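Spelled out from the first residue to the last, the chains are:
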Amino acid sequence: MVSGKRLGWAGALVLVASGCFHATTARLTASGLIRIVAAENEYGDVAAQVGGRYVSVDSVESNPSTDPHDYEVSASVAGSVASASVVIENGLGYDSFMGHVLSSTPANGRQVIDVQKLRRLPGSATNPHLWYDPATMPAVARQLAADLAADQPDHAAYFRANATRFTASLSGWLTEIAAFRSAHTGAPVATTEPVADYLLDAMGADTRTPSGFQDDIMNGVDLSPQQVTLEDRLISQHQVKALVYNQQVTDSVTQGFIRLAHHAGVPVVGVYETMPTPGYDYQSWMQAETAAIQKAVVGGVSTEHL
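This structure is a prediction, so every number in the text was calculated from the model and none was measured.

**Student:** Mind showing me how you'd approach the confidence of the model for the chain here?
**Tutor:** Regions with low pLDDT carry predicted coordinates that are not meant to be interpreted in detail. For the chain, per-residue confidence averages 90 on the pLDDT scale, and 90% of positions sit at 70 or higher. Overall, residues 1-26 carries pLDDT values under 50, and its contacts beyond four positions in sequence, including any with other chains, amount to 58 contacts.

Given below as structure tokens:
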């Protein structure tokens, strides 16, 4: 995570507007690298792979031990965004702080990749965890290559080749998804939040926890007794082969479901919103999450931490 004292986003933007960041028109680093700021480190990782030796990447949210929804923009982050050539945001309200910074620091020539718009998703889409959708990052890589090529046309072929290489590197992950789907279509699972739902859907799993339940947990809405009872039954009556939960965000309610799963012998899988670092890139992270789900469903093995 970019360092700096945390402020409310409005306070940070006052600092930017008042001239505390004199580099707002410097789109390159001192060494001539293209500045990229990604709201989440999974997007930053892909940006680094596509941009290679011609880019400098800052990722705002990069701590897998914190709740991404509680992030407050810092003064240094506001300054980094103001001076970036390319900014990547997820959209769907997940990283709304980026929109506030961008609107308050207009800049000619700055490219903004809004992944929601790139995937042509309506604002009514309720699951913002787009990086778990296997179709998302290839689209991001292609757009990055195009935007970087517009910034530095002499290196366009290099950026396109890197984007192609990145997409090809996902083939192992896609093969694992297809193999699971072929052998275990309809495997029932329970979840606490919709963090990995796009991946579970791609794998052909049957998510038995209602979407409204998942959304309430994600948005901090208290569950009704009926919702709690339904989830309890899924676990205690072994109607599911795994419980998939948000490893970064737990409270007494979700911890209760995890304890129930332990007691019932239902394997538990912790999934992440922020790419764990060090030790992972986007490709290996997705493969690790997929393998954890497979081990739970097929072998009854829990993976609560990567």
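The rest of the description comes next.
**Student:** Would you take a moment to explain the nonpolar core for this structure?
**Tutor:** Inside soluble globular proteins, nonpolar side chains tend to come together where they are buried. Among the nonpolar cores identified, the biggest contains 55 residues, and Tyr-43, Ile-88, Trp-131, Tyr-132, Leu-144 and Tyr-282 are the most heavily contacted of them. Among all residues touching Tyr-43, those that are not within four sequence positions of it are Ala-38, Ile-88, Asn-90, Val-115, Leu-130, Trp-131, Thr-136, Met-137 and Val-140. Ala-190, Leu-223, Tyr-245 and Val-268 belong to the second largest nonpolar core, which has 15 residues in total.

**Student:** Teacher, can you tell me more about the pattern of salt bridges here?
**Tutor:** Close approach of charged atoms lets side chains of opposite charge pair. By the definition in use, this model includes 2 salt bridges. A salt bridge links Arg-119 to Asp-133, with the shortest nitrogen-to-oxygen separation between them at 3.2 Å. Residue Arg-119 is found in the loop between helix 5 (115-118) and helix 6 (136-151), and its partner Asp-133 is found in the loop between helix 5 and helix 6; the two are separated by 14 residues along the sequence. Under the relative-accessibility criterion, Arg-119 is labelled partly exposed at 23%. Measuring nitrogen to oxygen at the nearest pair gives 2.7 Å for the salt bridge that ties Asp-206 to Arg-208. Since its relative accessible area comes to 35%, Arg-208 is described here as partly exposed.

**Student:** Is there a simple way to think about the side chain of Glu-273 in this case?
**Tutor:** Summarising the element assignment, Glu-273 is placed in the loop between strand 8 (268-271) and helix 13 (282-299). A relative accessible area of 0% means that Glu-273 is categorised as buried. Of the polar contacts made by the side chain of Glu-273, one reaches the side chain of His-129; its length is 3.2 Å. Reaching out from Glu-273, the side chain makes a polar contact with the side chain of Asn-246 at a distance of 2.6 Å.

Calculation rules
Residues numbered from 1 in each chain as written. Predicted model: local features only at pLDDT ≥ 70, side-chain atom pairs only at ≥ 80, totals over all residues. Heavy atoms only, no water. pLDDT = per-residue confidence, 0-100. Contact = heavy atoms within 4.5 Å. Core = buried A, V, L, I, M, F, W, Y, C linked by side-chain atoms within 4.5 Å. Buried < 20%, exposed > 50% of the residue type's maximum accessible area, 1.4 Å probe, protein only. Salt bridge = Lys/Arg side-chain N within 4 Å of Asp/Glu carboxyl O. Helix = DSSP H or I, 4+ residues; strand = E, 2+ residues; numbered from the N terminus. Polar contact = N/O pair within 3.5 Å; in protein donor to acceptor, adjacent residues only side chain to side chain.

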